[in-house]
Each structure stands twice: as C-alpha cells, then as structure tokens.
Amino acid sequence: MKTIYLNKIEFRYDNIEELKEQLKEKEIIVGKGSTIGDYTSLANKISIGNNVTVGSYCSIGNNTVLQTNSKLGNRSSIGNNCLLSTNVVAGYRSLIGNSVSVLSDSVINNRCIIGNNCIIGANCIIGSNAIIKNFVSIGNNVLIGKDVLLSYDCSVRDFSVISTGSCIGDYASIKENIMIDKNIYIVGSLGPKSTITYIGNDMVSVGCRIFTLDELTKSLPSICKQEGMTDEQIREYNTYLS
C-alpha cells in the first residue's frame, strides 16, 4: 500500500484508481499508464499525462503539467505553474521553482537547481549539480555541463555548449552555436544596460565594443568606465575575473 498527499491531506491506496473522487475534487488528472511513487505530495489543478513516472518523496505544485512520457526522479520538487513537456526527464533530487517550462526531449540530470521563471528549450541536456537562477532562458539543443552556474536573467541561445564548472554572470548572454570548452567565468552585470556577451573565440562584447578576454581582464576599469558603469559594477566584475 502507498501513501500520497493531496493538498497536504494523507491518503493510502493500492491503485491510484481508488482515489478517483479525491483526485477529481482537487482537479488532478492522472493519465493512463502513469505511476506516482510513495509519499509524494500533489497540490491542486495538476495534469499528469499518459505514461508519466513520478518518483517517491516528490512534490508537485499547483497548476503544473507533466506531459506524456515525462519523468520526475525520486525526492524531486517542482513548483507552481510549471510545464514538463513530452519526454522530459528530471533526475534525482531535482529542485525546480515556479513558472518553469522545460520543452520536449530535454534531460535535467541529478541534483540540479532551477530557479523561478526559467525556460529550457527542446532537446537540451543539463548536467548534474548545475544551478540555474531566476529568469534564465536556454534555447534549443543546448548542452549545459555539470556544476555549471547560470546566474540571474542570463541567456544561452540555440546549439551552444557550456562545459563543466563554468559560470555565466547576471544578465550575460551566450550567442548561438558557441562552445565554451573550458572552465571559464563569463562576467555578468548588475543591470541589463551593462550586459557582457560571450561571442566565441574568447571574445566578448561590452556595450557596442568587442574585446578579447585578456583585454577585458587587463583594462577592465577603463573599459567599464567608458561604458558608464558604476564603481560597484566594476568591483563585481573584478571579483569574477580575479
């Protein structure tokens, strides 16, 4: 016999069909062939498609949709107003915030943390222990290595690769078809007006100008001053580059 929590109320059952009335009352739909692990908690207005696997000790928030053949690993949590599209896999101890969309055929590996209001495109792979902060946008066919940090409101566009251990700063962006093949910090900013964009071949754009990473490191204060950045922003960049 299994235990499930529906809006924090405990129920015990052998077959999910036994909870038909309770699920209807909470506006929860569970499709054919889907399984829900022991001690999992479901909020209200949840849609679980056909052949979905939800692990044990999981939590699913209000108005969240898990589409056909998606999987949520054991001890994972997904917030309110989220979407796991068809064939999405979220691994063991995935922590997914509110208003997150993960599009079809993407894989989130074990122990990843994804903040609120994020979008992960189709056919992406997110490596284990990656941290994706609030308002991050990831395009289609993107590979994010393990232990990567994508900071607040940054973006990674289609077909790009961010290798193990890299850090992409606040508001920074990675253009299409970029490969970052070593541990590297891409400097962010304290606001969208001072965005730094990695454009490949160890080149970055700051405002309307382009520099090598070496040039940026050596001349950071003067470059940032010319772009109208504050002393506080310059100190933050120095922290990333030191």
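Residues numbered from 1 in each chain as written. Predicted model: local features only at pLDDT ≥ 70, side-chain atom pairs only at ≥ 80, totals over all residues. Heavy atoms only, no water.

Draft legend 1. Seen up close, the overall build of the protein. When you go through the protein residue by residue, the secondary structure sums to 4 helices and 32 strands. In the protein, buried positions account for 46% of the 242 residues. Here the contacts in the protein between residues at least 6 apart in sequence split such that 9% fall between residues at least 24 apart. Total accessible area on the protein is roughly 11,600 Å²; 47% of this is exposed by carbon and sulfur atoms. (Helix = DSSP H or I, 4+ residues; strand = E, 2+ residues; numbered from the N terminus. Buried < 20%, exposed > 50% of the residue type's maximum accessible area, 1.4 Å probe, protein only. Contact = heavy atoms within 4.5 Å. Areas by Shrake-Rupley, 256 points an atom, 1.4 Å probe, with all protein chains shown as cover.)

Draft legend 2. Structural view of the side chain of Ser-160. Along the chain, Ser-160 falls in the loop between strand E24 (155-156) and strand E25 (161-162). A polar side-chain atom of Ser-160 sits 3.3 Å from the main-chain amide nitrogen of Asn-177. Within polar-contact distance, the side chain of Ser-160 engages the backbone nitrogen of Ile-178 at 3.1 Å. Once residues within four sequence positions are removed from consideration, Ser-160 is found in contact with Asn-141, Val-142, Leu-143, Ile-174, Lys-175, Glu-176, Asn-177 and Ile-178. (Polar contact = N/O pair within 3.5 Å; in protein donor to acceptor, adjacent residues only side chain to side chain.)

Draft legend 3. Spotlight on the packing of aromatic side chains. A full pass over the atoms with the stated rule returns 3 aromatic pairs. Summarising the aromatic geometry, the rings of Tyr-39 and Tyr-57 are spaced 5.3 Å apart at their centres and angled 15 degrees between planes, so their arrangement reads as stacked. Highlighted residues: Tyr-39 in the loop between strand E4 (35-36) and strand E5 (40-42) and Tyr-57 in the loop between strand E7 (53-54) and strand E8 (59-60), separated in sequence by 18 residues. A centroid spacing of 5.7 Å and a plane angle of 70 degrees characterise the contact between Phe-135 and Tyr-152, whose relative ring orientation is edge-to-face. Of this pair, Phe-135 sits in the loop between strand E20 (131-132) and strand E21 (137-138) while Tyr-152 sits in the loop between strand E23 (149-150) and E24, placing them 17 residues apart in sequence. Exposure remark for Phe-135: the relative accessible area of 39% places this residue in the partly exposed category. The class for Tyr-152 is partly exposed, based on a relative accessible area of 32%. When the ring centre of Tyr-57 is taken as reference, the NZ or CZ atom of Arg-75 above it lies at 4.4 Å. (Phe/Tyr/Trp six-rings, centres within 6.5 Å; stacked < 30°, edge-to-face > 60°. Lys NZ or Arg CZ within 6 Å of the ring centre and 35° of its normal.)

Draft legend 4. Examining the nonpolar core more closely. Within the largest apolar cluster, 50 residues are counted, with the highest numbers of intra-cluster contacts made by Ile-138 and Leu-150. Breaking this core down by element, the ones donating at least two residues are strand E1 (2-6) and strand E2 (9-13). Apart from residues no more than four positions distant in its own chain, Ile-138 is found in contact with Ile-119, Ile-120, Gly-121, Cys-124, Ile-126, Ile-132, Ile-144, Leu-150 and Val-156. (Core = buried A, V, L, I, M, F, W, Y, C linked by side-chain atoms within 4.5 Å.)

Draft legend 5. Representation of the environment of Gly-49 in the model. For Gly-49, the location among the structural elements is in the loop between strand E6 (47-48) and E7. Owing to a relative accessible area of 17%, Gly-49 belongs among the buried residues under this scheme. Once the C-alpha coordinates of Gly-49 and Ser-85 are considered, the two residues, 36 residues apart in sequence, prove to be 9.7 Å apart. Residues in contact with Gly-49, not counting those within four places in the same chain, are Gly-31, Ser-34, Leu-66, Gln-67 and Thr-68.

Draft legend 6. Summary view of the sheet that holds strand E10 (residues 71-72). Taken in spatial order, the 9 strands make up an open sheet running E4-E7-E10-E13-E16-E19-E22-E25-E28, and their pairing is parallel. If you trace the sheet from one side to the other, it starts and ends with E4 and strand E28 (179-180), each paired once. For E10 and strand E13 (residues 89-90), the ladder comprises 2 bridges, and the chain directions are parallel. Looking at the pairing, Lys-71 lines up with Val-89 of E13. (Pairing = 2+ DSSP bridges.)

Draft legend 7. Inspection of the pairing of E1 at higher detail. One ladder, built from 5 bridges, connects E1 with E2; its direction is antiparallel. If you follow Tyr-5 over to E2, its bridge partner there is Glu-10. As paired elements, E1 and E5 share 3 bridges and run parallel to each other. The residue of E5 that forms the bridge with Ile-4 is Thr-40.

Draft legend 8. Geometry of the side chain of Ser-106. Mapped onto the elements, Ser-106 comes out in the loop between strand E15 (101-102) and strand E16 (107-108). Given the relative accessible area of 1%, Ser-106 is considered buried. Apart from residues lying up to four places away in sequence, Ser-106 is in contact with Asn-87, Val-88, Val-89, Ile-120, Gly-121, Ala-122, Asn-123 and Cys-124.

Draft legend 9. A look at a nonpolar patch on the surface. Together, Leu-95, Ile-113 and Ile-131 make up a nonpolar patch on the protein surface, roughly 220 Å² of accessible area in all. Within the secondary structure layout, Ile-131 lies in strand E20. Assessed through its relative accessible area of 33%, Ile-131 is described here as partly exposed. (Patch = residues over 30% accessible without salt bridge, like charges linked within 9 Å, V, L, I, M, F, W, Y side chains within 5 Å. Salt bridge = Lys/Arg side-chain N within 4 Å of Asp/Glu carboxyl O.)

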